[in-house]
Amino acid sequence: MTPIFIGSEIYRGSSYGAWHPLHIPRVSTVMDLTRALGWLPPSQYRTSPRAKANALMLFHTPDYIAALQQAEATQRVDDATRARHGLGSTANPVFPEMYRRPATGAGGVMLAAELVRDGGIVHVPGGGTHHAMASYANGFCYLNDPVLCLLALRQLGLARIAYVDIDAHHCDGVEAALTGASDMLMISVHEERRWPFTGALDDDGGGCALNLPVPRGLNDTEMRAILQRLILPALERFAPDAIVLQCGSDAIEEDPLSRLSLSNNAHAEIAVALAALAPRLIVLGGGGYNPWSVARCWTRVWGALNGWTVEGDMPEDARQVLEGLRWTRRAAGRNPPKAWRSTLIDPPREGPVRAEITDRIAHLRGRLPRVLAS
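Residues numbered from 1 in each chain as written. Predicted model: local features only at pLDDT ≥ 70, side-chain atom pairs only at ≥ 80, totals over all residues. Heavy atoms only, no water.

Trainee: How should the overall build of the chain be read in this particular structure?
Mentor: Helix and strand counts for the chain stand at 14 helices and 8 strands. Judged by the C-alpha coordinates and their principal axes, the chain covers about 50 × 50 × 40 Å. Split into buried and exposed, the 374 residues of the chain put 61% on the buried side. Put simply, 79% of the contacts in the chain that link residues at least 6 apart link residues at least 24 apart. Accessible area of the chain: about 13,600 Å², with a carbon and sulfur share of 51%. (Helix = DSSP H or I, 4+ residues; strand = E, 2+ residues; numbered from the N terminus. Buried < 20%, exposed > 50% of the residue type's maximum accessible area, 1.4 Å probe, protein only. Contact = heavy atoms within 4.5 Å. Areas by Shrake-Rupley, 256 points an atom, 1.4 Å probe, with all protein chains shown as cover.)

Trainee: In this structure, what is going on with the packing of helix α9 (residues 264-275) against helix α10 (residues 291-306)? I would like to understand it.
Mentor: Each pair of packed helices can be summarised by the angle the axes make with each other and by the distance between the axes. Between α9 and α10, the shortest axis-to-axis distance is 9 Å and the interhelical angle comes to 35°. Like other packed secondary-structure pairs, α9 and α10 cross with a definite hand, here right-handed. Each of N264, N265, H267, A268, A271, V272 and A275 in α9 lies in contact with α10, whose residues at this interface are R296, C297, R300, V301, A304 and L305. Of the residues belonging to the contact of α9 with α10, the class tally is 8 nonpolar, 3 polar and 2 charged. (Axes fitted to C-alpha atoms, helices over the stretch in contact; angles between N-to-C directions. Left-handed = near helix turned anticlockwise from the far one by under 90°. Nonpolar A, V, L, I, M, F, W, Y, C, P; charged D, E, K, R; others polar.)

Trainee: Looking at this model, I keep getting lost on empty space enclosed by the protein. Mind explaining?
Mentor: Unfilled space is identified by rolling a water-sized probe across the atoms. Applying the stated criterion across every chain, the model contains 2 cavities of 30 Å³ or more. Around the largest cavity sit I6, G7, S8, Y11, S48, T104, G105, G108, V124 and G126, which together line it. Counting residues per element, the ones that place at least two in the lining of the largest cavity are β1 (4-7) and α5 (100-115). The element contributing the most residues to the lining of the largest cavity is α5, with 3 residues. Residues that form the lining of the largest cavity fall into these classes: 3 nonpolar, 7 polar and no charged. Estimated volume of the second largest cavity: approximately 30 Å³. Elements represented by at least two residues in the lining of the second largest cavity include exactly α8 (220-238) and α9. The leading source of residues in the lining of the second largest cavity is α8, at 4 residues. Taken together, the residues of the lining of the second largest cavity sort by class into 4 nonpolar, no polar and 3 charged. (1 Å grid on protein atoms, 1.4 Å probe; cavity = no way out; pocket = protein on both sides within 12 Å on 5 of 7 lines; lining within 4 Å. Points joined across faces, edges and corners; volume = space filled by probe spheres on them.)

Trainee: Which parts of the structure should I look at to understand the pairing of strand β6 (residues 209-214)?
Mentor: β6 sits mainly inside the fold: 6 of its 6 residues count as buried. Burial along β6 is two-sided: A209, N211 and P213 and L210, L212 and V214, pointing in opposite directions, are all buried. Both strand β5 (residues 184-191) and β6 contribute to a ladder of 6 bridges, which runs parallel. When the sheet's bridge partners are listed, V189 is paired in β6 with L212. (Pairing = 2+ DSSP bridges.)

Trainee: How should I be thinking about the environment of T104 in this particular structure?
Mentor: Inspection of the secondary structure puts T104 in helix α5. For T104 and H23, which are 81 residues apart along the polypeptide, the C-alpha to C-alpha distance reads 18 Å. Those residues in contact with T104 that sit more than four places away from it in its chain are S8, I10, Y11, S48, P49 and R50.

Structure (structure tokens):
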């Protein structure tokens, strides 16, 4: 099956507020950039539906969904709602599309599950909000679309489902939802001592999780070692019917909310490697707070999944998309390097594989027989 891209115009102009890290355009830029490159023909594009409230209750509680809908309708929350559901907080503010936007992301990933029923690859850059809990918003995430995606795949009758998360931040909401699941395998690679401060090396999610916290400065060589020595062997032994990859771009070196040092080459390499391991692959977005890094990374991943690439400077129409971005809250954004605006492929960020990485990989490899016993 030819890969499918799921997007929506709801992301265009929608913002968490001028002061929030998610004030930047992301999915809309990926859509514009892929079209400018000739990479998004109508036959490969689907408009994301908005998930209905009942579908969201596959994971989320009815009172939380009602509170989220009410907060969008009135554009306010009272103190009790804020305390109970985390809405109207600094991280999860009230904004005009605060229900419709995440419900569209959830609808997109649930559509993706249906599209891969008989096999295939789907890219949903609007998905990946992995921090939300069943009854409260958390970490910029109002709905947990990765969990909804996994549960939708389960409902379709898939017996073994793997979730791989390479966002800089640990997927605490996903782990909370999957704890103890015998038909799921969760693998998370995330920066140590970084919010939400979960996902310790010995945290096994009730037997279904492999958590790899990594030190600052994680480079492409180290991520390749993690892929080849941990992620791929674990997936090969688990033999999943489907893989969901949360492909957050905040582990890229220029991102302001982490201290990792990957290039987008790492993300493309992982996506392609996972596509070869299961008959079904769904690739989500996630974190990412530098607008150029996000757009170039997720566009690069989409191209890699289709076997397309652009070496050197991009065509003029594609460069114009990146030239039009603004990021005035960061010094680098006020004077962005030429490469951010003209090329799709990051320079490789290779380096030594540190002992902390090899030791932690070995520790988790020793746990594989127990984690995969189911």
